[in-house]
Amino acid sequence: MTAQTSTTRLTVAQALVRFLAAQYTERDGVRQRLISATWGIFGHGNVAGLGQALVEYGDDMPFHQGRNEQSMVHAAVGYARQSNRLSTHAVTTSIGPGATNLVTGAALATVNHLPVLLLPGDIFATRVADPVLQQLEVPYAGDVSVNDTLRPVSRYFDRVTRPEALIPAALQAMRVLTDPVETGAVTLALPQDVQAEAYDWPDEFFADRTWVVRRPGADPTELAEAVRTIRAARRPLVVAGGGVHHSRAEEALAEFAETTGIPVASTQAGKGSLRYDHPQDVGGVGHTGTATADELARTADLVIGVGTRYTDFTTASNTLFAADGVRFLNLNIAPYDGHKLAGLPLVADARSGLGELTAALQTHGHRVTDAYVTEYSEDKERWEQRVDACYEAEEPDVRPTQPQVLGALDALADESDVIINAAGSLPGDLHKLWRSRSRDQYHLEYGYSCMGYEIPAAIGVKLAAPERNVWALVGDGTYLMMPTEIVTAVQEGIAIKILLVQNHGYASIGGLSESVGGERFGTAYRYTSDDGTFTGAPLPVDLAANVASLGMRVLRAKTVRELREALAEARRADTPTCVYVETETADTVSGPPPAQAWWDVPVAETATRASAVKARELYERHVSTRRRHL
């Protein structure tokens with residue numbers, strides 16, 4: 001005779017909230033909540049289900065009121081990244097446009113391997129109300145809803161059409177969220193009738209559950225081959241990616257670099273893996289990288305990728321790593337990334353793998369030559385002098401350039417500051433110029449480079465680290481995409497700082513357009529001219545007034561001197577504060593050193609306009625240098 005299992009009768013939504021409140025992660029002996037809060041915008045698809053459940057169990061599950069579904073995902077992602085992927089937020093929406101607004105945020109999370117739990121409402125599972133308001137009718141498939149758009153951008157997707165199906169679906173969702181290889185967006189689509197349906201749940205479902213985030217070590221055979229390969233290299237270079245941060249492997253990387261003397265370049269996601277003033281740090285690598293790192297990349301005979309996906313910006317569209325016979329050694333927890341560029345895989349957690357490599361190389365006393373160290377050290381010093389020149393403002397009472405804006409913030413920031421950016425011309429300037437002072441100061445979302453990420457992500461980071469100064473660096477193009485969560489920051493007193501740079505258009509794409517023969521068409525924020533092009537006077541848009549209308553304090557700065565004063569005042573503020581500054585228009589260059597490596601954006605093969613013809617000639621010269629690493 002089997003013992004009777006004790007149960008509790010709850011709705012599906014109530015059971016899910018109670019379940020989520022009892023989930024924990026543990027790594028290196030540190031335990032924390034996996035789902036620490038829920039974001040939501042309510043409609044008919046979730047108000048009576050998850051909305052009621054969050055009221056019922058509000059003491060167990062904190063709630064944040066969002067203004068845009070996409071931005072709620074960005075806030076959750078910002079929180080997750082700042083929490084080293086060990087804690088995240090859930091996001092609930094109604095059906096229809098509320099659910100489809102999740103797609104961009106979900107793609108961003110999955111591309112960047114950052115966990116977020118999505119809980120969109122869905123159409124009636126019982127089909128008693130068919131079609132329900134906002135339902136997409138698909139004549140060839142009765143079980144399809146708009147939530148199916150989330151399938152390709154989710155690492156796990158399930159539709160809970162019966163109460164008892166929640167148990168395996170919820171457990172699988174937690175497994176994926178906490179898997180360092182698989183993690184990304186996880187979607188549980190919840191039909192609105194099922195959310196409100198009651199069921200007798202086994203009490204074990206609500207017991208505290210701890211998900212251990214593993215740190216796998218390297219296979220001995222792969223490790224031995226990796227050691228032999230490093231010892232045989234004369235000009236090795238480390239490319240540090242975001243996996244270094246996710247693993248908290250910064251100290252292990254520093255020890256590896258100091259022991260071997262191997263220089264360390266970084267991707268956008270990996271920047272800050274070493275402090276900017278560490279002897280082995282040579283800055284960003286790739287299309288937006290430093291001259292120091294890119295020259296080392298061109299001559300490296302061994303590239304040691306640590307936690308990187310080798311995007312086309314990092315490889316300069318496969319033109320950067322140009323030395324004859326160059327080989328790749330890829331330390332990555334994901335086998336898929338470990339085998340890229342026909343590299344030798346070292347499949348392991350970044351911290352574990354670096355520790356094993358360092359120990360093995362120490363037994364051999366391995367270190368690169370003094371001449372190699374001297375070479376990259378001197379090159380690094382020359383690059384720092386170029387950074388100083390970009391930051392310097394000899395005339396403090398004139399309008400600043402964009403690099404001078406960054407220089408003013410750089411002079412003010414310390415290890416406690418976090419800077420957040422994702423799109424426009426700022427990522428390139430930051431990757432080249434910013435001097436990272438701590439492992440998590442530099443927060444660039446460049447896997448998806450999503451305009452609108454910065455402000456909601458800053459809220460998420462500030463929620464994860466309330467003691468930090470958190471800056472959202474935003475251009476006017478990005479700001480106009482998604483300023484809505486300023487209202488949330490004001491409502492909850494989340495003291496983020498916004499540095500809003502006005503340059504009257506899409507400066508980054510304008511420059512790219514010009515380089516590929518597009519003549520900056522459609523990239524400036526200007527009145528239309530008689531010929532129908534956007535080449536008239538700049539639009540009289542007052543973004544500072546817009547920020548103020550949403551309830552945030554605004555400090556306007558017209559000159560370098562005023563900018564420095566405004567940034568200092570904003571940094572001291574304990575309320576949400578924006579610094580607004582106008583730089584050059586999109587018709588002018590931003591002032592940083594030009595790209596040190598190419599990026600492949602195909603140019604029209606046939607054209608009559610001289611700009612496009614010239615751009616195609618240059619494009620073909622660059623394409624001829626591209627190679628496949630086999």
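Residues numbered from 1 in each chain as written. Predicted model: local features only at pLDDT ≥ 70, side-chain atom pairs only at ≥ 80, totals over all residues. Heavy atoms only, no water.

**Q** Any chance you could explain the environment of Q385 here in plain terms?
**A** Mapped onto the elements of the fold, Q385 is located in helix α15 (residues 370-391). Its relative accessible area of 46% is what places Q385 among the partly exposed residues. (Helix = DSSP H or I, 4+ residues; strand = E, 2+ residues; numbered from the N terminus. Buried < 20%, exposed > 50% of the residue type's maximum accessible area, 1.4 Å probe, protein only.)

**Q** Looking at this model, I keep getting lost on unusual backbone geometry. Mind explaining?
**A** Negative phi values dominate among residues other than glycine, just as trans dominates among peptide bonds. Following D130, the chain continues to P131 via a peptide bond in cis, the omega torsion being 5°. Structurally, the position occupied by P131 is in the loop between β7 (116-122) and β8 (156-159). In this model, D28 sits at a positive phi of 55°, which is unusual for a non-glycine residue. Along the polypeptide, D28 turns up in the loop between β2 (23-27) and β3 (30-33). Here D28 falls in the partly exposed class, since its relative accessible area comes to 46%. In this structure, S317 is a non-glycine residue whose phi angle is positive, near 55°. Assignment of secondary structure puts S317 in the loop between α12 (312-315) and β16 (327-332). Residue classification places S317 among the buried positions, given a relative accessible area of 7%.

**Q** How should helix α16 (residues 402-412) be read in this particular structure?
**A** It helps to recall that an α-helix has 3.6 residues per turn; residues three or four apart then point in one direction. Extensive coverage of α16 is indicated by the burial of nine of its eleven residues. Along α16, the positions that sit buried rather than exposed are Q402, P403, Q404, V405, L406, G407, A408, L409 and D410.

**Q** Where do I start with the state of the cysteines in this structure?
**A** As used in these notes, a disulfide is a covalent bond between sulfur atoms, one from each of two cysteines. Taken as a whole and assessed by the stated rule, the structure comprises zero disulfides. The closest cysteine sulfur to the non-disulfide-bonded C450 is located on C578, 20 Å from its own sulfur. Overall, C450 belongs to the buried group, its relative accessible area being 7%. (Disulfide = S-S within 2.5 Å.)

So, to be careful, I would describe these as geometric facts and stop short of saying anything about function.
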